[in-house]
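Architecture and fold: a report
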Amino acid sequence: PAAAIAAGAAAAAAAALSLYFAMGRDTDKLTDVAIAMCLLFTVISYVVQFCCFLWLHHAKPDVRRSFRSPCGVAGAAIGLAFCLLTIAAIVYLPVRQGRNYFLGLCLATATMAV
């Protein structure tokens, strides 16, 4: 676990430094992109969780579970729809913020994907 935490911290530091220099050392732009990147990856993790919930519900409906979702499939579907709407809003922001914002978001995504 310690190595994974150290690797994650190193990747985050590399992403922050890359963005800092790529955006002309403008900390305001860096903050905007960093927040959008965190939101984007958080929402993507929620999408994966909702999809897994829906897949397990349909692929293995007879498996005994220790916990039942209070909102069931409908709640997961609505949550997934909200997540997709949020991703669309985050991706739409570069249209309003300009080219540097879009390039920064792409650089941050590529850095974290590596």
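Because the structure is a prediction, the values reported are computed rather than measured.

On to helix H2 (residues 27–59). Its 33 residues give H2 an end-to-end C-alpha distance of 47 Å, which sits within 8% of 48 Å, the value for a rise of 1.5 Å per residue. Among all positions in H2, only Leu 30, Val 33, Ala 36, Met 37, Leu 40, Val 43, Val 47 and Leu 54 are buried.

Among the surface-exposed residues, Phe 41, Ile 44 and Val 48 lie close enough to one another that they form a single nonpolar patch of about 230 Å² accessible area. Secondary-structure assignment places Ile 44 in helix H2.

In this structure, the largest pocket occupies an estimated 340 Å³ of space. Forming the walls of the largest pocket are Phe 53, Leu 56, His 57, Pro 61, Val 63, Arg 65, Phe 67, Arg 68, Ser 69, Gly 72 and Val 73. For the lining of the largest pocket, the elements supplying multiple residues, two or more each, are H2 and helix H3 (72–97). Ranked by residues supplied to the lining of the largest pocket, first place goes to H2 with three residues. Per-class residue counts for the lining of the largest pocket are six nonpolar, three polar and two charged.

Next up on the list: the packing of helix H1 (residues 2–22) against H2. One way to put it is that H1 packs onto H2 with a least axis distance of 9 Å and a crossing angle of 135°. Between H1 and H2, the angle is such that the two are oblique. Every pair of crossing elements has a handedness; the one defined by H1 and H2 is right-handed. In this structure, H1 uses Ala 16, Leu 19 and Tyr 20 to contact H2, whose residues at the interface are Thr 27, Leu 30 and Val 33.

With respect to the element layout, Leu 105 can be found in helix H4 (residues 99–113). Placed 86 residues apart in sequence, Leu 105 and Leu 19 show a C-alpha to C-alpha distance of 8.8 Å.

This part is about H1. Taking 1.5 Å per residue as the helical rise, H1 with its 21 residues ought to reach 30 Å, and the 30 Å between its terminal C-alpha atoms agrees with that figure. Phi for Gly 24, located one or two positions after H1, is positive at around 70°.

This part takes up the packing of aromatic side chains. With the rule as written, the count across this model stands at one aromatic pair. Ring geometry for Tyr 20 versus Phe 21: centroids 5.2 Å apart, planes at 70°, classification edge-to-face.

Attention shifts here to the confidence of the model for the protein. When the pLDDT values of the protein are averaged, the result is 83; 93% of them are 70 or greater. By mean pLDDT, the top-scoring element of the protein is H2 (87), and the lowest-scoring one is H4 (71).

Cut-offs used in this document
- Residues numbered from 1 in each chain as written.
- Predicted model: local features only at pLDDT ≥ 70, side-chain atom pairs only at ≥ 80, totals over all residues.
- Heavy atoms only, no water.
- Helix = DSSP H or I, 4+ residues; strand = E, 2+ residues; numbered from the N terminus.
- Expected span 1.5 Å × (residues − 1).
- Buried < 20%, exposed > 50% of the residue type's maximum accessible area, 1.4 Å probe, protein only.
- Patch = residues over 30% accessible without salt bridge, like charges linked within 9 Å, V, L, I, M, F, W, Y side chains within 5 Å.
- Areas by Shrake-Rupley, 256 points an atom, 1.4 Å probe, with all protein chains shown as cover.
- Salt bridge = Lys/Arg side-chain N within 4 Å of Asp/Glu carboxyl O.
- 1 Å grid on protein atoms, 1.4 Å probe; cavity = no way out; pocket = protein on both sides within 12 Å on 5 of 7 lines; lining within 4 Å.
- Points joined across faces, edges and corners; volume = space filled by probe spheres on them.
- Nonpolar A, V, L, I, M, F, W, Y, C, P; charged D, E, K, R; others polar.
- Axes fitted to C-alpha atoms, helices over the stretch in contact; angles between N-to-C directions.
- Parallel < 35°, antiparallel > 145°, perpendicular 65-115°, else oblique.
- Left-handed = near helix turned anticlockwise from the far one by under 90°.
- Contact = heavy atoms within 4.5 Å.
- Phe/Tyr/Trp six-rings, centres within 6.5 Å; stacked < 30°, edge-to-face > 60°.
- pLDDT = per-residue confidence, 0-100.

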